[in-house]
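Commentary on secondary and tertiary structure
These are the residues of each chain, in order.
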There are 2 protein chains.
Amino acid sequence: MRSVDSLSSARPQVADKREAILRAATQVFARNGYFNSKVADIARVAGVADGTVYLYFKSKEEILHSIFDKSVGAAIAECRQQLADVTDPREKLRRIASLHLERLGADRDLAIVFQVELRGSTKFMEEFSAAGLAEYLRLIREAFEEGQQAGLFRRDINATVVAKILFGALDEMATNWILSKRRYKLAPMSEPVLDIFLNGASAR
Amino acid sequence: MRSVDSLSSARPQVADKREAILRAATQVFARNGYFNSKVADIARVAGVADGTVYLYFKSKEEILHSIFDKSVGAAIAECRQQLADVTDPREKLRRIASLHLERLGADRDLAIVFQVELRGSTKFMEEFSAAGLAEYLRLIREAFEEGQQAGLFRRDINATVVAKILFGALDEMATNWILSKRRYKLAPMSEPVLDIFLNGASAR
DNA sequence: TGCCGATGAATGAATCGCCATTCATCAAGT
DNA sequence: ACTTGATGAATGGCGATTCATTCATCGGCA
């Protein structure tokens, strides 16, 4: 009895505290930028003492990494899952694009950390590139190659380059959305992107 | 005579020293990232004393700004000039894309500062967005609108969105090039980008 | 049940190194 | 000698990280 009690009251505390710090850090990083953010700020927003942060994370940098790992992992997992029951490669690309923008559009602070902070140093960039981006580009490329096999997509273009083009276009939509003063929905932007990507901008 | 002498020996010195600092800073920022770069490093690479940097720039931040201003100004000027004698909107887009990647491809350090460091804080980003990016997107948009008028491009799509898509795709090419270990030429990548942008990825 | 020492999570003030910026001083040119 | 650009050692502040201390909880024992 006691042991169950202690588990259900203490354990969640631990998880909550770690979560609280990550959430607070996302907000603080998004507002001030990673390098201008003080660990003390994160602690204050999270409602813990400065030192407590170091019970859960080795360093300030590890906090940024954790934000990144958690989000990328979740995004890719969801993406795979959503793709499982789709066979049409065009629809696959639509889902990937749509999910991408929905995810970023749903949490502005997280989007800022991704679009801006994560790219603020070649070091983070390289890690991002190695870990998440590469995996992500692969999802796009594979869907595209399937489409090429099926005769739906042109075969005279390199699938890797194509994947970068599509990703780049989506990425720019996200970055623009973050920087824009106007508040509009990000997710629907995946539609015109896919349209131009698939059909081109030239008049028929 | 003397005054001419003094001009030709002292003035260039001043310009050279300022230039040297900017060049050094570009290199140092590119290698270490803005926030990890010490003013002392920049001074050493430039071959001047720490204090000398402050004879030419108000602060470390102003150095980054100057790199940015100088390059964007030059890029947009060259772009306008190259566009002047072209009438075909498709060719205009080709030139814009080609110039964009040629410029970045010609100076890897500068490219890193642009693609990575400049985006490392929403503050810089917003300034970049306001100053250079907006102007740049306008060039693309205007060329596209001309093409719409001429019946070359689809009229059912928003020119602003289109401009972002094209820019985003080019931007991703540049970022990938920077992060890639493989050394390939960046400029030629504008070709497949334009191809897909104009003709789409779907099979005919 | 009620008491006691052990445990370890949490705290936040103090430390310690770092680095942008300053400025007293120097040297070259006139 | 005076002006002016240049120097680089010294300063001052900042902020990530540490660690001595507090305090709530727990398990063993009478």
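Residues numbered from 1 in each chain as written. Chains lettered and ligands numbered in written order. Predicted model: local features only at pLDDT ≥ 70, side-chain atom pairs only at ≥ 80, totals over all residues.

1. Notes on the overall build of chain A
The helix and strand tally for chain A stands at nine helices and zero strands. When its helices and strands are written in sequence order, chain A yields α-α-α-α-α-α-α-α-α. Over its C-alpha atoms, taken along the principal directions, chain A stretches across nearly 65 × 45 × 30 Å. For chain A, buried positions account for 39% of its 204 residues. (Helix = DSSP H or I, 4+ residues; strand = E, 2+ residues; numbered from the N terminus. Buried ≥ 20, exposed ≤ 12 C-beta atoms within 10 Å, placed from the backbone.)

2. Overview of the relation of the copies chain A and chain B
Mapping chain A onto chain B is achieved by rotating through 180° and translating by 0.0 Å along the same axis, at an RMSD of 0.1 Å. Taken together, the rotation angle and the small translation identify this as a two-fold axis. Counting the interface residues of chain A, we find that 100% of their copies in chain B are interface residues as well, pointing to one common contact surface. (Least-squares fit on C-alpha atoms with pLDDT ≥ 70 in both. Contact = placed C-beta atoms within 7 Å.)

3. Some details on the nonpolar core
Judged by nonpolar contacts, the single largest core of 110 residues is most densely connected at Val193(A) and Val193(B). At twelve residues, helix α8 (residues 159-179) of chain A tops the list of elements feeding residues into this core. If we skip the residues at most four places from it in the chain, Val193(B) touches Ile165(A), Ala97(B), Ala169(B), Leu170(B) and Met173(B). (Core = buried A, V, L, I, M, F, W, Y, C linked by C-beta atoms within 7 Å.)

4. Things to note about the domain arrangement of chain A
Residues and elements named next belong to chain A. Each assigned domain of chain A is listed with its residue range as follows: domain 1 (1-57) and domain 2 (64-204). The gap between the C-alpha centroids of domain 1 and domain 2 is 30 Å. Residue-level contacts link nine residues of domain 1 with nine residues of domain 2. In the side of domain 1 that touches domain 2, the residues fall into six nonpolar, three polar and no charged. (Domains from an automatic or database assignment. Nonpolar A, V, L, I, M, F, W, Y, C, P; charged D, E, K, R; others polar.)

5. Comments concerning the environment of Met173(B)
Mapped onto the elements of the fold, Met173(B) is located in helix α8 (residues 159-179). Of the residues examined, Met173(B) has 26 C-beta atoms within 10 Å and is grouped as buried. Setting aside residues up to four positions removed in sequence, Met173(B) forms contacts with Lys164(A), Gly168(A), Leu101(B), Leu186(B), Met189(B) and Val193(B).

6. Regarding the protein's contact with DNA strand C
The local shell around DNA strand C holds 17 residues, among which Ala49(A), Gly51(A), Thr52(A), Lys38(B) and Gly51(B) are the closest. Sorting the residues of the surface near DNA strand C by element identifies α1 (2-32) and α3 (50-56) of chain A together with α2 (39-46) and α3 (50-56) of chain B as the ones contributing at least two each. Here the surface near DNA strand C is composed, by residue class, of six nonpolar, six polar and five charged. (Near = placed C-beta within 6 Å.)

7. Comments concerning the packing of helix α5 (residues 89-106) of chain A against α8(A)
For any two helices packed against each other, the geometry comes down to the angle between their axes and how far apart the axes lie. All names here are of chain A. Orientation of α5 relative to α8, taken along the N-to-C sense of each, is 20°, at an axis distance of 11 Å. The angle between α5 and α8 places the two elements in the roughly parallel class. Read as a crossing pair, α5 and α8 show a hand that is right-handed. Of the residues in α8, those touching α5 at Ala97, His100, Leu101 and Leu104 are Leu170, Met173 and Ala174. Considering only residue class, the contact of α5 with α8 consists of six nonpolar, one polar and no charged. (Axes fitted to C-alpha atoms, helices over the stretch in contact; angles between N-to-C directions. Parallel < 35°, antiparallel > 145°, perpendicular 65-115°, else oblique. Left-handed = near helix turned anticlockwise from the far one by under 90°.)

8. Quick look at the interface of chain A and chain B
Often, the extent of an interface is quoted as the loss of accessible area upon association of its parts. Taken together, the 41 residues of chain A in the interface contact 41 residues of chain B. Of all the secondary-structure elements, those providing two or more residues to the side of chain A that touches chain B are α7 (122-149), α8 and α9 (190-199) of chain A. The dominant element in the side of chain A that touches chain B, judged by the number of residues it contributes, is α8(A), at twelve residues. Tallied by class, the residues present in the side of chain A that touches chain B amount to 21 nonpolar, twelve polar and eight charged.

9. Observations concerning the environment of Val161(B)
With respect to the helices, strands and loops of the structure, Val161(B) is situated in helix α8. Separated by 46 residues in the primary sequence, Val161(B) and Gln115(B) place their C-alpha atoms 21 Å from one another.

10. Thoughts on α8(A)
Between its first and last C-alpha, α8(A) extends 30 Å over 21 residues, near the 30 Å set by a 1.5 Å rise per residue. Buried residues dominate α8(A), accounting for 18 of its 21 residues. (Expected span 1.5 Å × (residues − 1).)

11. Here we look at the packing of helix α4 (residues 60-84) of chain A against α5(A)
Residues and elements named next belong to chain A. Taken N-terminus to C-terminus, the directions of α4 and α5 make an angle of 150°; their axes are 10 Å apart at the nearest point. Regarding α4 and α5, the two cross each other, and that crossing is right-handed. Facing α4, whose interface residues are Ala75, Glu78, Cys79, Gln82 and Leu83, α5 presents Lys92, Arg95, Ile96, Leu99 and Arg103.

12. Structural notes on the confidence of the model for chain A
Residue and element names in this part refer to chain A. A residue-level look at chain A finds 92% of positions with pLDDT of 70 or above and a mean pLDDT of 89. Model confidence for chain A, summarised as mean pLDDT per element, is weakest for α1 at 69 and strongest for α9 at 98. Within the model, the stretch residues 1-12 combines pLDDT values under 50 with zero contacts to residues more than four positions away or in other chains. (pLDDT = per-residue confidence, 0-100.)

13. Comments concerning helix α4 (residues 60-84) of chain B
With 25 residues, α4(B) extends 37 Å between its outermost C-alpha atoms, agreeing within 8% with the 36 Å of an ideal straight helix rising 1.5 Å per residue. Residues of α4(B) that are buried: Ile63(B), Leu64(B), Ile67(B), Phe68(B), Ser71(B) and Cys79(B).

14. Quick notes on the environment of Ala201(B)
Within the secondary structure, Ala201(B) is located in the segment after α9 (190-199). Each C-alpha atom of the pair Ala201(B) and Phe124(B) lies 35 Å from the other, and the pair is 77 residues apart in sequence. Dropping the residues within four chain positions of it, Ala201(B) is found in contact with Phe153(A), Arg154(A), Ile157(A), Val162(A), Phe197(A), Leu198(A) and Ile196(B).

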